[in-house]
Amino acid sequence: MQQNELAALLASLHVKGNPLVLYNAWDAGSAKAIRDAGSPVIATSSWAVAAAQGYGDGESMPFTFVEDVVARITSAVDVPVTVDVEGGYSDDPQFCAANVARLMDHGVVGINFEDRIVHGTGLHGVDAQSARIAAIRAMAEARGVPLFINARTDLFLGTGIKPPAGIPEAKERAAAYARAGASGFFVPGLVDLSAIRDLCNTIDLPLNVMTMPGLPHARELSDAGVARISHGPAAFVLAMEAIRNAANAVHKERLIA
């Protein structure tokens, strides 16, 4: 499939009430395993990609390394690939767009793009983040690719904000990001079912939530109108735990022997 066809396929899989469930990858091997399990899309987790290379999250991994990992993933699978690009590795809209373009050069057809100020505190203002989204959209349109821009807000992630607080601003950001060219709205940290349902019923963009303690069951999320459920770094954490436990067992056997 051509890149524009893969992008259109990715968008078509975001259906309110029938969520796309993503088990996130961190390298070509994990992507192939997830694809072999039947996933129609491969999505990365920035936390997992960075940790697998010995880096912390928060754009500490050099962007050239990100490109290398992404290139291996896109060459290993035959389905749409969407990449967690964090904050675009720049505050400047044009630099963000240029960085995303570098990933698109490797066949990427979707991104997660967050409004957290990665190398600072708080969130980018609505207008500033909208300008960054608009620049990415303009770049993608110039290439003829309907890039799926999953606009992430960190209003509820690690902030201590709990609904109903934060919901009016979430709706404001969703509307502004949609006008700027976003394709989806991602609210990691939001686990309150009534608030999730409220957003699904009032915003135009398909809603994405992330699995974490307290998140309702997938059936409840589906009934609420959620269109995408991401597992974030969960797969990487489980894989590393399995390796650690196996290595522990081997080490104990050696000591006994």
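Residues numbered from 1 in each chain as written. Predicted model: local features only at pLDDT ≥ 70, side-chain atom pairs only at ≥ 80, totals over all residues. Heavy atoms only, no water.

Enquirer: Quick question: what am I supposed to make of the environment of Gln3 here?
Expert: Structurally, Gln3 can be placed in helix H1 (residues 3-12). By relative accessible area, which is 23% here, Gln3 ends up partly exposed. Sequence separation between Gln3 and Val109 is 106 residues; the distance between their C-alpha atoms is 6.7 Å. In this view, Gln3 contacts Met104, Gly107, Val108, Val109 and Val145; residues no more than four positions away in its chain are not counted. (Helix = DSSP H or I, 4+ residues; strand = E, 2+ residues; numbered from the N terminus. Buried < 20%, exposed > 50% of the residue type's maximum accessible area, 1.4 Å probe, protein only. Contact = heavy atoms within 4.5 Å.)

Enquirer: Would you explain the pattern of salt bridges in this entry?
Expert: Between side chains of opposite charge, pairing is possible as soon as their charged atoms come close. Enumeration over the complete set of coordinates arrives at 11 salt bridges. For Arg152, the salt bridge is made with Asp154, and the minimal N-O distance between the two is 2.6 Å. Grouping residues by exposure puts Arg152 and Asp154 together as buried. A salt bridge links Lys171 to Asp198; its shortest N-O distance comes to 3.1 Å. (Salt bridge = Lys/Arg side-chain N within 4 Å of Asp/Glu carboxyl O.)

Enquirer: Got a minute to help me understand the packing of aromatic side chains in this structure?
Expert: Across all of its chains, the model carries 5 aromatic pairs by this definition. Measuring from centroid to centroid gives 5.9 Å for Trp47 and Phe236, while their planes differ by 75 degrees, and the two rings are edge-to-face. With Trp47 in helix H3 (residues 46-52) and Phe236 in helix H10 (residues 234-256), this residue pair connects regions lying 189 residues apart in the sequence. Using a relative accessible area of 39% as the deciding quantity, one classes Trp47 as partly exposed. On the basis of relative accessible area, Phe236 is assigned to the buried category, the value being 7%. Taking 6.0 Å as the distance between ring centres and 70 degrees as the angle between the ring planes, the aromatic pair formed by Tyr55 and Phe65 counts as edge-to-face. Of this pair, Tyr55 sits in the loop between H3 and helix H4 (63-76) while Phe65 is found in helix H4, placing the two residues 10 residues apart along the sequence. Among the aromatic residues, ring-to-ring pairing joins Trp26, Trp47 and Phe236 into one connected group. (Phe/Tyr/Trp six-rings, centres within 6.5 Å; stacked < 30°, edge-to-face > 60°.)

Enquirer: What is the right way to look at empty space enclosed by the protein in this model?
Expert: Empty space among the atoms becomes visible once a probe the size of a water molecule is rolled across them. For the structure shown, the criterion picks out 1 cavity of 30 Å³ or more. Approximately 140 Å³ is the volume found for the largest cavity. Along its surface, the largest cavity is lined by 20 residues, and Ser46, Val49, Val66, Asp84 and Glu86 are the ones closest to its centre. When contributions to the lining of the largest cavity are tallied by element, the ones reaching two or more residues are H3, H4 and strand S3 (81-84). At 5 residues, the largest contribution of residues to the lining of the largest cavity is made by H4. Of the residues in the lining of the largest cavity, the class split is 11 nonpolar, 5 polar and 4 charged. (1 Å grid on protein atoms, 1.4 Å probe; cavity = no way out; pocket = protein on both sides within 12 Å on 5 of 7 lines; lining within 4 Å. Points joined across faces, edges and corners; volume = space filled by probe spheres on them. Nonpolar A, V, L, I, M, F, W, Y, C, P; charged D, E, K, R; others polar.)

Enquirer: It is not clear to me how the pairing of S3 should be interpreted in this structure. Could you clarify?
Expert: Successive residues of a regular strand alternate their side chains across the two faces of the sheet. In S3, alternate side chains face the same way, and those of Val81 and Val83 on one face and Thr82 and Asp84 on the other are all buried. Looking at chain direction, strand S2 (residues 42-43) and S3 are connected through 2 bridges and run parallel. Within S3, the position partnered with Ala43 by the bridge is Thr82. Of the pairings in the sheet, the one linking S3 to strand S4 (residues 110-114) comprises 3 bridges and is parallel in character. Along S4, the bridge assignment pairs Thr82 with Gly110. Of the crossover connections in this fold, the one passing from S3 over helix H5 (residues 93-104) to the parallel S4 is right-handed. (Pairing = 2+ DSSP bridges. Right-handed = clockwise from strand over helix to strand, strands pointing away.)

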